[in-house]
Each structure stands twice: as C-alpha cells, then as structure tokens.
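One-letter residues, chain by chain:
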Amino acid sequence: MKARRVATVGVGIAVAIGALVASGALDVRVDWRSDAAQALDLFGRGEKKQAEGASGAAFWREGNGETTLAAVPAPASFADLAERVSPAVVSIQTSKTVTGGPLRLPGPFEPFFGGPLEEFFGGEREFQVPSLGSGFVISSEGFIVTNNHVVEEVDKIKVAFEDGTELDAEVVGRDPATDIALIRVKADKALTALSLGNSDQLRPGDWVVAIGNPFGLEHTVTAGIVSALHRRNIGAGRYEDFIQTDAAINPGNSGGPLLNLAGEVVGINTAINPRANTIGFAVPINMAKEILPQLRTSGRVTRGWLGVVIQRISPDIQEALGLESTEGALVSKVDPSGPAAKAGIERGDVIVRFDDKPIREMEELPRVVASTQPGSAVEVVVLREGKRKAFKFDLGTLEEPQEVASRGKEQGPAAFGMRVQTLTPELAEQLGVEGGGVVISDVETGSPADEAGLRRGDVVVEVDQEGVKSAPDFRRKLAGKQKALLLVRRGDATVFIAVKRAAG
C-alpha cells in the first residue's frame, strides 16, 4: 500500500505559439526514508515531543475533556456539526515560481525555429504554478494549522474563508518531519477557532468527520469512522503514527481537520492510499500539540538526541540473544560522541524503559525520547546479557543535518538526484509488486533522475542488467558510474531508463 500525501492540486501553464494549454498536476509525496526499513536512526532523527510550556503555553482552545466519544450518540445528521465548525475551516491557495527550459517546436516547424522565433520562445521561462490545500483556525488571533507540504517552498499563500473573505498569510513555522505547519493571517476581527481534542481517546469504530477542499471543492464534508490507530510504515513521513479513517479524503484535503462528534479536532488529514478512496490517514492532533508552541516561538522544532541506532527484535534475534520476548528496542549502533555512549550504553543492549515509560515496540522509543526536553536528566533501562542495567544522563539536542548534498556525492543514488530504500516484503506488499529491488523515495527537481523521467515510488530492479538486492547494493553498483541503465518497475509496466550522473 503506497501512501500519497494529498496536499495540492496544481495547474501548470505554458505558452506555445500563442496557444494557452492548461494541464492539471498532482503533487505526490511518497517519502520512504533511505535505509530505514529495518533500523531507526536516533543519531539525527530522534523525534522531539514538545514538553508542556517549554517553548510557550498552549495558544489554542482545548476541548473541555468532559465529552467522551462514547457519551456522544451517533447523530441522525452531521449538518449541525458541519455548520458550527465550517467558519474555522479554510482553503489554502498557494503559488510557486518554477523555471522551464526552452520551448521547442515539433515536426515541420523545427527548421524555422530561429531568429525572432527562437529569441521569443527560446531560453528559460518562469511560470507561476498554483496549488490548493486545506487548514483550520486554532486561535482567534489568526493562527492556522495545515500540512507542511501544503506551504513548503511556495512564494505566496492566500487563505479563503467560508464567507468569501480572502487574506494573505505568512508561514510562522514548519516541521517537515511531522508534516505540520503553522501559518498566520491578520484579520480586522476575531476569527472563529476550533477546539483541539484528545486523539489519545480515539478508538477504532468511533465516528469522525473530515472537512476540506478536495480538488478545489470548498468545504466538502465527509463522514466515516476511525478504521485503525498507530498506522506506521505507510511511506508518508519520517515519524508515522497515523489515524486511519474511511471518511473520504482526496487531493486538496491535506491540512484539513478530522473531527470527533463534539466538533473537536482529533487529526490533521494528510495522506491517502491512492488505490482506495476509503483509506485515509491523519496526523493525531496530540502530535501537533507537542510541536505547535515551538513552531510559534521559533519557527522550527528542536528534538531530543539519544545517539543510538535501534531496530526491531525479530523472533530469530530474540532466540539468538536469549531474550524472553521481542519487546524493546535493540541498539545496533552507538554514536561515540552521543549522550548514550558517554553514559555507557553499548551495541547489543535492549532498551526496555525510558524514564518511567516502558518500551514495548521499537517505534515507541523515539516518541518517548521526544516527550522529554533536550538537556533533561533521564534514566534509560536496558537488558544486557539477561540483566537489567540503568543509566542516568542528560538528553542531548539534535542538530538537524546540514550537509545532505555533500553526503549525497559519496552515495550513488544521490549523485543522480534520487534517494532509495530497500524493497522489503512489507513495502512490496504495500506497493503491490513482486520480487526485490529498491524503491525510489525522492527525486530532486531538475536532477538527472528527474530529467530521465524517474518518479517517487518507482522500483529499480536492475542496474546495467544486473539485479539489485538492496539499497546498499544499489549504491555499490552506481558508485563511480557516470551513467547507468536502470530497469524500472512502475505499476504493471517494466521499462528501461538511462540516467547520467550530475555534472560537477
């Protein structure tokens, strides 16, 4: 199952011999992180949960906490709820300047492409590409929550309200790791704001309502239930703990609210399974609450740093290590400069507790680390050779990586402008493909991979007619090559694509 972020509905415009041709474009964001299928890196990707009050108090209206979902009966109609909350749900219209290459004339016109025509049509040209998303007001002062990918790298943001009012907006803060953004408009009156609920109270089967602007159809209301909780490994973000719902979500819904029957926001609609319109994913609102104060005060999120790489404990690993269960997070690597190493944690340790919180699944550790502010004193309990050992130390502060490009030159795929992840059996099942290879998780705009026609979600199975087994194997096969012939599986089709290394 490949997830698609449902942020934007874009329209590109090109000029060709006086004729204006409009075509629709959908910005698909499928973000499998390189080499993250089996191990989770807490060197530089440990998530930071915002400690209450650490970067400012809550500036939104909290749900009253007394209305439990079980106490609210299923209504005969959702009309009253939709009417009450719709003034706080907005359409977010953005535009971005892109540069296109010279326009070439096809067929018989090619010989005449010169002189004044070449001067007029040749050379690079700039185009404004508009796109659409959704959002919701959380403060009468004009603060609005949406997805990061709705407002990322755009030139202009305009917010449209239900009553027809349109206001310019500015980005206050963005967090790509959780795909959450905070923007703000300046209005001459207090705005209607939604209350934020408690997503931890959700249960599969609870009613939920989604409101947004799918395909530009403003204030579309859909209803359904919570299909599942804690959905991970769907390929829609670095930190995944999604609410799954069957309330219809489509492109343009991104950033809009998922509401409980009390009208409280419990999720931020973010991604869909493109093969099924009844499988949508929303970021839990409690995750947003953890980082919104930091986005408001500093524009970014500071995350805790433990300094270890962890992985799941399979039954085979459990047997090999003589463990009683598969619970915990196995440390596969320790950064010698990190706080964990300085405290004495070693490779092979199994982290079973962080402060007072037990670690039953590997994915829980980053969230628990994130719940503690960097610099705080923590206690980590590990299993080592069947015995429990406790370590006390101060949690470090994550410095976001700054040299993606320079590291990329040393890695085969990055030199061609792409990032990949090993195609695990789980990913293969999600994508509906068979066999091995690597999944392209990102293609840099304007890169050789982009120019060759490679896309996010493509599965590379061969390099120069040699099979690809894993992401490291793919890197080795591309290392030092100036060009390569890739065999790519895309949906039901298999095609050869030639790609050349970036110059310089």
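Residues numbered from 1 in each chain as written. Predicted model: local features only at pLDDT ≥ 70, side-chain atom pairs only at ≥ 80, totals over all residues. Heavy atoms only, no water.

A. Molecular detail of the confidence of the model for the chain. Looking at the chain as a whole, the pLDDT averages 79, with 77% of positions reaching at least 70. Predicted confidence for residues 43-54 stays below pLDDT 50, and this span has 52 contacts to residues more than four positions away or in other chains. (pLDDT = per-residue confidence, 0-100. Contact = heavy atoms within 4.5 Å.)

B. Here's a closer look at the pairing of strand β14 (residues 220-231). Relative to β14, strand β13 (residues 207-212) runs antiparallel, the two being bridged by 6 bridges. Bridge assignment links Ala210 to a residue of β14, and that residue is Thr222. Note that β14 and strand β15 (residues 242-245) share 3 bridges and pair antiparallel. When the bridges of β15 are listed, Ala228 appears paired with Gln244. (Pairing = 2+ DSSP bridges. Helix = DSSP H or I, 4+ residues; strand = E, 2+ residues; numbered from the N terminus.)

C. Up close: the side chain of Gln244. With respect to the helices, strands and loops of the structure, Gln244 is situated in strand β15. Polar side-chain contacts of Gln244 include one of 2.6 Å to the side chain of Arg231. Residues in contact with Gln244, not counting those within four places in the same chain, are Ile225, Val226, Ser227, Ala228, Arg231, Ile279, Gly280 and Phe281. (Polar contact = N/O pair within 3.5 Å; in protein donor to acceptor, adjacent residues only side chain to side chain.)

D. Layout of the pairing of strand β21 (residues 329-334). When strand β20 (residues 308-311) meets β21, the two strands line up antiparallel, connected through 4 bridges. Residue pairing for β21: Ile310 is matched across the bridge by Val331.

E. Layout of the packing of aromatic side chains. Enumeration according to the criterion identifies 4 aromatic pairs in this entry. Note on Phe59 and Trp60: the rings are 5.3 Å apart at their centroids and 70 degrees apart in plane angle, and the pair reads as edge-to-face. Each member of the pair Phe59 and Trp60 is classed as buried. Put simply, the rings of Phe59, Trp60 and Phe143 touch in pairs and so form one group of aromatic residues. (Phe/Tyr/Trp six-rings, centres within 6.5 Å; stacked < 30°, edge-to-face > 60°. Buried < 20%, exposed > 50% of the residue type's maximum accessible area, 1.4 Å probe, protein only.)

F. Here's a closer look at unusual backbone geometry. Within the chain, Asp179 stands out as a residue other than glycine whose phi angle is a positive 60 degrees. As for its placement among the helices and strands, Asp179 is situated in the loop between β10 (166-175) and β11 (180-185). For Asp179, a relative accessible area of 2% puts it in the buried group. A positive phi is found at His230, a non-glycine position, where the angle reads about 60 degrees. Along the polypeptide, His230 turns up in strand β14.

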